[in-house]
Amino acid sequence: MAKQKPLFVFPIFVLLATAIMLCLCCSQLSCKRKSMEVKVKMNVQEQSFGQTPDEHKVKLYTLTNSNGLKARIMTYGATLVSLEVPDRNGKLDDITLGYDDLAGYIKENPYFGVIVGRYGNRIAKGRFSLDGTTYQLATNNEENHLHGGVKGFDKVVWNAQSFEQSDAVGVKLTYLSKDGEEGYPGNLECSATYTLTNNDELKVSYEAQTDKATPVNLTHHSYFNLAGQGKGDILGHELMINADRFTPVDKGLIPTGQLQTVKTTPMDFTKPYTIGARINQDYEQLKYGLGYDHNWVLNKKGQDLTLAARAYEPTSGRVLEIYTTEPAIQFYSGNFLDGSITGKQGRVYKKRYGFCLETQHFPDSPNKPQFPSTILRPGQKYTHLTVHKFYTR
Ligand code: GLA
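Definitions and cut-offs
Residues numbered from 1 in each chain as written. Predicted model: local features only at pLDDT ≥ 70, side-chain atom pairs only at ≥ 80, totals over all residues. Heavy atoms only, no water. Pairing = 2+ DSSP bridges. Helix = DSSP H or I, 4+ residues; strand = E, 2+ residues; numbered from the N terminus. Near = heavy atom within 4 Å. Polar contact = N/O pair within 3.5 Å; in protein donor to acceptor, adjacent residues only side chain to side chain. Areas by Shrake-Rupley, 256 points an atom, 1.4 Å probe, with all protein chains shown as cover. Nonpolar A, V, L, I, M, F, W, Y, C, P; charged D, E, K, R; others polar. Buried < 20%, exposed > 50% of the residue type's maximum accessible area, 1.4 Å probe, protein only. pLDDT = per-residue confidence, 0-100. Contact = heavy atoms within 4.5 Å. Salt bridge = Lys/Arg side-chain N within 4 Å of Asp/Glu carboxyl O. Phe/Tyr/Trp six-rings, centres within 6.5 Å; stacked < 30°, edge-to-face > 60°. Lys NZ or Arg CZ within 6 Å of the ring centre and 35° of its normal.

A word on the sheet that holds strand 23 (residues 318–324). Adjacent strands of a sheet pair through backbone hydrogen bonds, lying either parallel or antiparallel. One open sheet holds the 9 strands; their spatial order is 11-12-13-14-29-23-22-17-20, and the pairing between them is antiparallel. Edge positions in the open sheet fall to strand 11 (159–165) and strand 20 (273–274), since each of these has one partner strand only. Judged from the 6 bridges that link them, strand 22 (residues 306–312) and strand 23 form a sheet pairing that is antiparallel. Of the residues in strand 23, the one forming a bridge with Arg310 is Glu321.

Near the ligand, the surroundings consist of Pro110, Tyr111, Arg122, Leu146, His147, His221, Tyr223, Asp293, Gln330, Tyr332, Phe336 and Glu358. His147 places a polar side-chain atom, nitrogen or oxygen, 2.9 Å from an oxygen atom of the ligand. Taking 300 Å² as the accessible area of the ligand by itself, protein coverage stands at 95%. Residues belonging to the shell around the ligand are distributed by class as follows: 6 nonpolar, 3 polar and 3 charged.

The next thing to look at is unusual backbone geometry. Each neighbour pair has its own omega, and for Gly117 with Arg118 the value is 5 degrees, a cis peptide bond. Along the chain, Arg118 turns up in the loop between strand 6 (114–116) and strand 7 (122–123). Positive phi values are uncommon outside glycine, yet Glu182 reaches one of about 55 degrees. Within the secondary structure, Glu182 is located in the loop between strand 12 (168–177) and strand 13 (188–197). Backbone geometry at Leu253 places phi at a positive 65 degrees, although glycine is not the residue there. Along the polypeptide, Leu253 turns up in the loop between strand 18 (245–247) and strand 19 (260–261). Overall, Leu253 belongs to the buried group, its relative accessible area being 7%.

We now examine the confidence of the model for the protein. Of the residues in the protein, 90% have a pLDDT of 70 or more, and the chain-wide mean is 93. This model gives residues 1–5 a pLDDT under 50, and the stretch forms 0 contacts once residues within four places in sequence are excluded. Scored below 50 in pLDDT, residues 25–35 shows 1 contact in the model against residues more than four places distant or in partner chains.

Relative to the elements of secondary structure, Thr374 occurs in the loop between strand 27 (356–360) and strand 28 (375–376). In this structure, Thr374 is in contact with Tyr119, Thr214, Pro215, Val216, His361, Ser365 and Pro366, ignoring residues within four places of it in sequence.

Across the two faces of strand 8 (residues 127–130) the burial differs, with Phe128 and Leu130 buried and Arg127 and Ser129 not buried at all. When strand 8 meets strand 9 (residues 133–136), the two strands line up antiparallel, connected through 4 bridges. Bridging from a neighbouring strand, Phe128 pairs with Tyr135 of strand 9. The turn joining strand 8 and strand 9, which pair antiparallel and follow one another in sequence, is formed by 2 residues; a positive phi near 50 degrees is taken by Asp131.

An order of 19-18-21-24-27 is seen for the 5 strands of this open sheet, with the pairing classed as antiparallel. Because the sheet does not close on itself, it has two edges, and the strands there are strand 19 and strand 27. Bridge analysis of strand 24 (residues 328–332) against strand 27 gives 5 bridges, and the strand direction is antiparallel. Pairing of Gln330 across the sheet is with Glu358, part of strand 27.

Inspection of the entire model under this criterion finds 10 salt bridges. Between Lys231 and Asp93 there is a salt bridge, and its shortest N-O distance comes to 2.6 Å. Taken as a pair, Lys231 in the loop between strand 16 (219–221) and strand 17 (238–241) and Asp93 in strand 5 (residues 92–94) lie far apart in primary sequence, 138 residues in all. A residue is classified by how much of its surface remains accessible, and Lys231, at 44% relative accessible area, is partly exposed. The shortest N-O distance in the salt bridge between Lys344 and Asp94 comes to 2.8 Å. Linking Lys344 in the loop between strand 25 (341–342) and strand 26 (348–349) with Asp94 in strand 5, this pair joins segments that are 250 residues apart in sequence. By relative accessible area, Asp94 is classed as buried at 12%.

Here we take up the environment of Phe163. Topologically, Phe163 is positioned in strand 11. Taking the C-alpha atoms as reference points, Phe163 and Leu235, 72 residues apart in sequence, are found 37 Å from one another. Excluding residues within four positions of it along the chain, Phe163 makes contact with Val44, Val169, Gly170, Val171, Lys172, Thr193, Tyr194 and Thr195.

Each aromatic ring pair is characterised by the separation of its centres together with the angle its planes make. As enumerated under the stated definition, the model contains 20 aromatic pairs in all. Centre to centre, the rings of Trp296 and Phe331 are 5.8 Å apart; their planes meet at 50 degrees, and the pair counts as tilted. Placement of Trp296 in strand 21 (residues 293–297) and of Phe331 in strand 24 is noted, with a sequence separation of 35 residues between them. Each member of the pair, Trp296 as well as Phe331, is classed as buried. Connected via pairs of aromatic rings, a cluster forms that spans Tyr99, Tyr105, Phe112, Tyr223, Tyr332, Phe336 and Tyr349. Of note, Arg278 hangs over the ring of Phe269, and the distance from its end group to the ring centre comes to 4.8 Å. If you follow Arg278 out to its NZ or CZ, it ends over the ring of Tyr273, 3.5 Å from the centre.

Right, dumping it as structure tokens:
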């Protein structure tokens, strides 16, 4: 009998050891989960962010949600100055390009984080006809009008009012664009509202009303790098764009007016591809854009809020999903960044260190009657909602 004892002891020992190991693993896992779920009290804080050379005071609003995500927005250009979101280990990092201070934005800003208006993207030769009148807008991109002109909505100081809701915090920015500003007809009263929800979404919603018919195409122009701003190029990000067609452009990046299928071209992001996979292919549209700088026609009907794009960065695990009520999205792969800009925390922004996903109407719509209309008339209300949803994989 005594000889049989070790036979019992051994399996009991193995069972005990396994149970201890399991307990240890579970407690470690739950510790990790707990550390990722640190609850903060959501809040919004207001502070001064200096003043413009013409002595307009600029304010900075810091929105913090209950998971610790932080969005900083300033009234100059209604600009998202930084956006901190967690990686798959719960570590926060700022994932948008920009500057540490107002002076940086005033000196030279390739539209980092701004609200673009009155018309985002290009209008050929800055000219269009509306109700029998021809309007000449400011030209600032060779012979074309780009992103609202010489002094677009990105270079003015907006008014702001912060707010708290049961599950979100935000700031509503308003601006009155006067009749004739940059050549546009009509006084345009507009607002852009940033809301940071406890579901880890940054919503940007827009409204505008006019007293004369005018084109309107507002968009948000953050440069994202989901690995962290200034931490390398974005070529390894996987991107999906929910679009079967895009609007091909000429050498000046003005749409030809056609809608072209993305099938069998490097413009096909209907399934995820890394941004870098095909960017240097010998494809005319990529040559014109020096990479991606095109407008994709989203697979949708009407103004429903639908998924437009998803970007995933494998080293951090961060995922950004973009939902919008707009019919299109401009995907720009940061081709004009060239290392001449030193941004936040002294980081140098080289070629393709950030990408933009600008939800919008098609470029040059005022001259393309076949495109969805961008004309806002008195008595009508322009509305646009875009949601940036963050999570990790
Ligand atoms: C948009 C344009 C680009 C470029 C960037 C900012 O994405 O389409 O051509 O102007 O903005 O540099």
